[in-house]
Amino acid sequence: MKRTIYALCTVVCALFVMTSCSKSDDDKGGNGGIVNNNFSSEVTAVASKETIQKMAANKATIYGGTTPPRVEGYFTSGEVQLTHTSLGDNDPLKSAAFDGFYYRFYEQNGSKLKVDYRNHSGGTYAAQGVNAVISGEGDKFTIFFINKAGDLHAISGTFTGDAIEGFQETDYVKVGTDTSPVGTVRVLKSKDGRAERIQGF
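Residues numbered from 1 in each chain as written. Predicted model: local features only at pLDDT ≥ 70, side-chain atom pairs only at ≥ 80, totals over all residues. Heavy atoms only, no water.

## Details of the overall build of the protein
Turning to step 1, where the next piece is worked out: From N to C terminus, the protein includes three helices and 13 strands.
Turning to step 2, where the next piece is worked out: In the protein, which comprises 201 residues, the proportion classed as buried is 41%.
Turning to step 3, where the next piece is worked out: Excluding contacts between residues fewer than 6 apart, the proportion of contacts in the protein whose partners are at least 24 apart in sequence is 57%.
Turning to step 4, where the next piece is worked out: Total accessible area computed for the protein in this model is approximately 10,700 Å², and 52% of it derives from carbon and sulfur atoms. (Helix = DSSP H or I, 4+ residues; strand = E, 2+ residues; numbered from the N terminus. Buried < 20%, exposed > 50% of the residue type's maximum accessible area, 1.4 Å probe, protein only. Contact = heavy atoms within 4.5 Å. Areas by Shrake-Rupley, 256 points an atom, 1.4 Å probe, with all protein chains shown as cover.)

Encoded structure:
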């Protein structure tokens, strides 16, 4: 009897540990997925639920919800790395070096906001006043916008006030090229694990 009780306790403890580890991995966005599958009509007008599901299926972490944090200010992604591509080993960009970006988020009003961005290397890829939408709940969020190439771009993370922890960028190709067919999903993450707040760029 004592052995049975001991075995039962061992199983319960093991399940508790596994559940705790799983939650930690989810919080870090290790395997991606959708957290809170509730998106405003403003968000789905930019990123359809079908597209969001395709991004999440390719290890992008997407935070749904209609009460996102107020994410405003200037940030730098730091050095980023490609962590997943839907093209697998056939992606010609798999071993490429990716440039980091500076971002400014402002004029947030409900689900809508504006984004300015430029790459770290000389600002050769930049745009200002880009219309964007935001979803999320609590301190977790995802910002969606159409980038200069005409592709859907999503930025996810946890807003702490002075940084975006777990900073992740996901690109969903809407305008295909020889190296990036329509529907290609690429997930990039900050090597530092966060995007720092800066004074400007």
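## Re helix α3 (residues 49-57)
Turning to step 1, where the next piece is worked out: Listed in full, the buried residues belonging to α3 are Thr51, Ile52, Met55 and Ala56. When α3 is viewed along its axis, its buried side chains cluster within an angular range of 140° and face the same direction. Exposed positions of α3 whose direction lies more than 90 degrees from the buried face are Glu50 and Ala57.
Turning to step 2, where the next piece is worked out: In this fold, the buried residues of α3 make contact with β1 (33-35), β2 (61-63), β9 (140-146), β10 (152-159), β11 (163-172) and β12 (185-190). (Arc of directions from axis to C-beta.)

## So, unusual backbone geometry
Turning to step 1, where the next piece is worked out: One non-glycine residue, Lys59, lies in positive phi territory at about 70°.
Turning to step 2, where the next piece is worked out: With respect to the helices and strands, Lys59 occurs in the loop between α3 and β2.
Turning to step 3, where the next piece is worked out: With relative accessibility at 37%, the residue Lys59 sits in the partly exposed group.
Turning to step 4, where the next piece is worked out: Residues other than glycine seldom take positive phi values, yet Glu107 does so here, at roughly 55°.
Turning to step 5, where the next piece is worked out: With a relative accessible area of 55%, Glu107 lands in the exposed category.

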